[in-house]
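# Analysis of the macromolecular model
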Amino acid sequence: MLKSMSSSDDHLVSMIVSSTGKSHLRQIHAVLLRTSLIRSSDVFHHFLSRLALSLVPRDLDYSRRVFSERSNPSVSHCNTMIRAFSVSETPGEGLRLFRSLRRKTFPPANPLSSSFALKCCIKSGDLLGGLQIHGKIFSDGFLSDSLLLTTLMDFYSTCENSAAACKVFDEIPKRDTVSYNVLISCFLRNKRTRDVLFLFDKMMKEVDGCVKPDGVTCLLALQACASLGALDFGKQVHDFIDGNGLGGALNLNNTLVSMYSRCGSMDKAYEVFNRMRERNVVSWTAMISGLAINGFGKEAIEAFEEMLKCGISPEGHTLTGLLSACSHSGLVREGMMFFDRLKSGEFMMKPNLHHYGCIVDLLGRARLLDKAYSLVQSMEVKPDSTIWRTLLGACRVQGNVELGERVISHLIELKAEEAGDYVLLLNTYSSVGNWEKVAELRSLMKEKRIHTKPGWSAMEVQGQVHEFIVDDVSHPRKEEIYKMLAEINQQLKIAGYVAEVASELHNLDSEEEKGHALTYHSEKLAIAFGILMTPPGTTIRVTKNLRTCDDCHNFAKFVSRVYDRVVIVRDRSRFHQFKGGFCSCNDFW
DNA sequence: TTAGGGTTAG
């Protein structure tokens, strides 16, 4: 049919080209060349777009050749190619094309060219390239282009420069839901979780015109709540979802399951999960991982088996959740059985680093350190720093100095040693009373200028999130908090609590500071704040970014008994529920 | 002629 068409049929030809499948594209190309129909800018545009953008997988070589054969490409032809490069493995080519386009006086580049070029910079991590484009936005006269500025924010977000992203946001003439979402995702990526909640609140109250949260906003806000353990705020987001007709979305329900379980509310997680009309592997994975961090190992295994019964195949993450559930609940036999099934290929995948990490953790907790070490040595994939770190953690718990030293030498070899690793080794030495080595390591840390990253704890009171760091003095009610902490310490002492000075050492320079900093670990500040701010009997919920130390764990146990409070601490690896002087983890973490 | 944001983790 194409053969009989003339240049006056451009539109029809374009439509045919746009609907052509991959197998016929070369034939169509030949016809277009033979009939000279390709000379039409319209026809060429559609052909190139089909070739470079809408086909999966894309044929970039072919697109590149077709494009280079065009003697007078228009801006939109160039943009098609820049966009294609921005999602390819060679985004640098897109930037080069953009630059050559800008150098020409005609045709001039348009805001879209800059937008796609920025995408190229994001993909290739080209900081300088992006900054140059930003510099030209003013001289190109694109300052009022909201969509381009939104992409620019996304660029700064990937560069972890949230201050620059904020500045661009302020300059956007007409902000809409997407520009808000980009800023929110920037805050989330850059760990400014409280700002995420602030912005969500602002959108909900429609402070900025009629900008309202949409599904993506809710998804991001829920992630922030999960990270902070902000259960009340999470419930508000849930209400917003239900009240605005967003409740049926699969991805939102999956995130709700994850949020509730990461906030320690398994009842609500189950409720959402059971009400879901449709569930995919992500839904099951969220549930299994949630059960895992809450210490419900057996239930996680049951959920996994139920999932298989429903005919859903697990993914890598699903197995990670399952194996970590076994590890956290001390189900060594079950964990090893699932690991064997994974290795046999039953789940159509090979064990990855996460899976090995779980098993190393499992063996370490089960005091099978040698077995864990030989597993790491025999791994098919090269062990990364996290694997070694997991093993180092197990060495600390069991005071195995010899293996601990060997492990740290592996970390040094990988050039991946972090302050936390030295702290673990330091604690291993101190747990066996080897003070000479402690001193030696301390001076080494000083020499290498190693500083620990501060731990933080968060606590939600009436929907407001309060954050604390070690030795925090920034909180407006710091005086009351420290007074309360002193009182608690006194009460606990009477009940028999003794601070374990040797249990955890942070970035301290002298022995005298040790006892002092133990008193002011961020979770202790948060717990004191909780007792201060809530009526007797209220559950205290604290979220911590690192693993909680032995001393703080012990402190929380005493608080739960002396103050008759349920204290729930979510640390980096799991939940601890303290009640009547005991912890749900049975000191096994 | 075209465009910007997003689900599970050791």
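For clarity, every value in this text was computed on a predicted model and none was experimentally measured. (Residues numbered from 1 in each chain as written. Chains lettered and ligands numbered in written order. Predicted model: local features only at pLDDT ≥ 70, side-chain atom pairs only at ≥ 80, totals over all residues. Heavy atoms only, no water.)

## As for the sheet that holds strand β3 (residues 540-544)
- The strand order across the open sheet built from six strands is β2-β1-β3-β4-β5-β6, with neighbouring strands paired in mixed fashion. Of all the strands in the sheet, the pair left with one neighbour each is β2 (464-469) and β6 (582-583).
- Pairing of strand β4 (residues 567-570) with strand β5 (residues 575-579), which is carried by four bridges, proceeds in the antiparallel orientation. Considered in β5, the bridge of valine 567 is made with phenylalanine 578. (Pairing = 2+ DSSP bridges. Helix = DSSP H or I, 4+ residues; strand = E, 2+ residues; numbered from the N terminus.)

## Thoughts on the UniProt feature "repeat: PPR" (unreviewed entry) in chain A
- According to UniProt, the positions carrying the feature "repeat: PPR" (unreviewed entry) are residues 74-108, 176-206, 249-279 and 280-314.
- What you have in residues 176-206 is 81% helix and 0% strand, and the ends, taken at the C-alpha atoms, are 11 Å apart.
- Between the end C-alpha atoms of residues 280-314 there is a gap of 10 Å, over a span that is 74% helix and 0% strand. (UniProt positions renumbered as here; feature names shortened; annotations may be inferred.)

## Focus: the domain arrangement of chain A
- When its domains are assigned, chain A resolves into domain 1 (384-451) and domain 2 (456-583).
- Computed from C-alpha atoms alone, the centre-to-centre distance between domain 1 and domain 2 is 25 Å. (Domains from an automatic or database assignment.)

## Overview of the protein's contact with DNA strand B
- The full set close to DNA strand B counts 45 residues, and Lys119, Asn181, Asp214, Asn251 and His317 are the nearest of them.
- In DNA strand B, atoms within 4 Å of the protein come 30% from sugar and phosphate.
- At a separation of 3.3 Å, a base oxygen of DNA strand B approaches a polar side-chain atom of asparagine 110.
- Note that a base nitrogen of DNA strand B is positioned 3.3 Å from one of the backbone N or O atoms of leucine 353.
- The element contributing the most residues to the surface near DNA strand B is helix α11 (residues 177-189), with six residues. (Near = heavy atom within 4 Å. Polar contact = N/O pair within 3.5 Å; in protein donor to acceptor, adjacent residues only side chain to side chain.)

## Here we look at the confidence of the model for chain A
- When pLDDT is averaged along chain A, the result is 89, and 94% of the positions lie at 70 or above.
- Within chain A, no element has a lower average pLDDT than helix α28 (residues 511-519), which sits at 48, and none a higher one than helix α18 (residues 297-309), at 96.
- Segment residues 502-515 is flagged for pLDDT under 50; beyond a separation of four residues in sequence, or across chains, it makes 33 contacts in the model. (pLDDT = per-residue confidence, 0-100. Contact = heavy atoms within 4.5 Å.)

## Observations concerning the environment of valine 281
- By the element assignment, valine 281 lies in helix α17 (residues 281-293).
- Judged by its relative accessible area of 13%, valine 281 is buried.
- Each C-alpha atom, one on valine 281 and one on lysine 544, is 28 Å from the other, the two residues being 263 residues apart in sequence.
- Not counting chain neighbours up to four residues away, the residues in contact with valine 281 comprise Ile312, Ser313, Pro314, Glu315 and Thr318. (Buried < 20%, exposed > 50% of the residue type's maximum accessible area, 1.4 Å probe, protein only.)

## With respect to the side chain of serine 49
- Structurally, serine 49 can be placed in helix α3 (residues 41-54).
- Its relative accessible area of 17% is what places serine 49 among the buried residues.
- Within the local environment of serine 49, its side chain forms a polar contact with the backbone oxygen of histidine 45, the two atoms lying 2.8 Å apart.
- When sequence neighbours within four positions are dropped, the list of residues in contact with serine 49 reads Ser54 and Thr80.

## Some remarks on the pairing of β2
- Pairing of strand β1 (residues 456-461) with β2, which is carried by six bridges, proceeds in the antiparallel orientation. Bridge pairing links valine 461 to glutamine 464 in β2.

## Focus on the packing of helix α6 (residues 91-103) against helix α8 (residues 127-139)
- Between α6 and α8, the least distance of the axes is 12 Å, while the angle of their chain directions is 30°. When the interaxial angle is binned, α6 and α8 end up roughly parallel. In this structure, α6 meets α8 at a crossing whose hand is left-handed. The residues of α8 that touch α6, namely those facing Leu95, Phe98, Arg99 and Arg102, are Gly129, Gln132, Ile133 and Lys136. (Axes fitted to C-alpha atoms, helices over the stretch in contact; angles between N-to-C directions. Parallel < 35°, antiparallel > 145°, perpendicular 65-115°, else oblique. Left-handed = near helix turned anticlockwise from the far one by under 90°.)

## Side note on the pairing of β4
- With burial as the criterion, each face of β4 is covered, one bearing Val567 and Val569 and the other bearing Ile568 and Arg570.
- Here β3 runs beside β4; their pairing, made up of four bridges, is parallel. Following the sheet pairing, threonine 543 is matched in β4 by arginine 570.
- What joins β3 to β4 is helix α30 (residues 550-562), and the crossover it makes is right-handed.
- Taken together, β4 and the strand that follows it, β5, pair antiparallel across an intervening segment of four residues. (Right-handed = clockwise from strand over helix to strand, strands pointing away.)

## A short note on the side chain of threonine 255
- Relative to the assigned elements, threonine 255 resides in helix α15 (residues 250-262).
- Polar contacts involving the side chain of threonine 255 include one to the main-chain carbonyl oxygen of asparagine 251, which spans 2.7 Å.
- Filtering out sequence-adjacent residues up to four positions away, threonine 255 remains in contact with Leu219, Leu222 and Gln223.

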